[in-house]
Amino acid sequence: MTDFLEAEDRSDAIVVECELEAEPEKVWRALTVPELVSAWLDVPVADKVTADTTGPAYRIIEALPFSRVRYAWNDASASEPETFVTFDLEAQPGGGTWFRLTHSAEPMRTIAAPANSNSPPLMRAA
C-alpha cells in the first residue's frame, strides 16, 4: 500500500470524510462500475464521454482494490478544466467503511511504502 501526502497541507484541496454503512467492497463497486458511478455521481458513463460532453466527466487513473480510486475529473465549464478526485476507503470493525474524498487541482504525490510492509513501522521489543 502507498501512503499519501496529506491534502490538508494544500489550501486548494477539498476534503470530505465520513463513515458509510456499506462495506468497502460495495463502495468500491459504486466508484468503479461505470453505470454505478454514473448514477451515484451524476456523470456520464466513462466510455460514453465525448469531446462535446457538457458538464463533468471522469476517467480512472489509479485503482487499488477496495482501498483507493483516483479520477481525473474534467469539466470544460469550470475554472480548472481538469482536477483530481481521490477516494480512500478503509474497512471499519463494525462492517462499514471510513470514506475520504479529496478533490484538488493537482494530483496527489504518492510515497512508496517500505518493502517490508511495516507501515507504520512495528515497535520492536528491547
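Just so it is clear, the model here is predicted, and its values are computed rather than measured.

Colleague: Before we move on, can you summarise the packing of aromatic side chains with the specific residues and values?
Modeller: Following the criterion strictly, the structure yields six aromatic pairs and no others. Note on Tyr 71 and Trp 73: the rings are 6.4 Å apart at their centroids and 15 degrees apart in plane angle, and the pair reads as stacked. Each member of the pair, Tyr 71 as well as Trp 73, carries the same accessibility label: buried. Counting every residue linked through ring pairs, the aromatic cluster contains Trp 40, Tyr 58, Tyr 71, Trp 73, Phe 87 and Phe 99.

Colleague: Quick rundown of the nonpolar core? Include the residues and the values.
Modeller: Core analysis: the biggest nonpolar cluster contains 14 residues, and Leu 31, Tyr 71, Phe 87 and Phe 99 have the highest contact counts within it. For this core, the elements supplying multiple residues, two or more each, are helix H1 (24-32), strand E4 (68-74), strand E5 (82-91) and strand E6 (97-104).

Colleague: Got a sec to walk through unusual backbone geometry? Specific residues and values, please.
Modeller: Its identity is not glycine, yet Asp 42 carries a phi of approximately 55 degrees, on the positive side. On the basis of relative accessibility, which here comes to 66%, the residue Asp 42 falls in the exposed class. At Phe 66, a residue that is not glycine, the phi angle is positive and equals roughly 65 degrees. Mapped onto the fold, Phe 66 is located in the loop between strand E3 (57-64) and E4.

Colleague: Now, about the pairing of E5: what can you tell me, with residues and values included?
Modeller: With respect to burial, E5 is a largely interior element, seven of its 10 residues being buried. As defined by bridge partners, E5 adjoins E6 across eight bridges and the pair is classed as antiparallel. Residue pairing for E6: Phe 87 is matched across the bridge by Leu 101. Following E5, the chain reverses through five residues before pairing antiparallel with E6; Gly 95 in that reversal takes a positive phi of roughly 100 degrees.

Colleague: If you had to explain the environment of Gln 92 to someone new, which residues and values would you point to?
Modeller: Assignment of secondary structure puts Gln 92 in the loop between E5 and E6. When the C-alpha atoms of Gln 92 and Glu 23 are compared, they prove to be 8.0 Å apart, with 69 residues separating the residues in sequence. Leave out the neighbours within four places in its chain, and Gln 92 touches Glu 19, Thr 97 and Trp 98. Separated by 3.3 Å, the side chain of Gln 92 and the backbone oxygen of Glu 90 make a polar contact.

Thresholds, definitions, all that
- Residues numbered from 1 in each chain as written.
- Predicted model: local features only at pLDDT ≥ 70, side-chain atom pairs only at ≥ 80, totals over all residues.
- Heavy atoms only, no water.
- Phe/Tyr/Trp six-rings, centres within 6.5 Å; stacked < 30°, edge-to-face > 60°.
- Buried < 20%, exposed > 50% of the residue type's maximum accessible area, 1.4 Å probe, protein only.
- Core = buried A, V, L, I, M, F, W, Y, C linked by side-chain atoms within 4.5 Å.
- Helix = DSSP H or I, 4+ residues; strand = E, 2+ residues; numbered from the N terminus.
- Pairing = 2+ DSSP bridges.
- Contact = heavy atoms within 4.5 Å.
- Polar contact = N/O pair within 3.5 Å; in protein donor to acceptor, adjacent residues only side chain to side chain.

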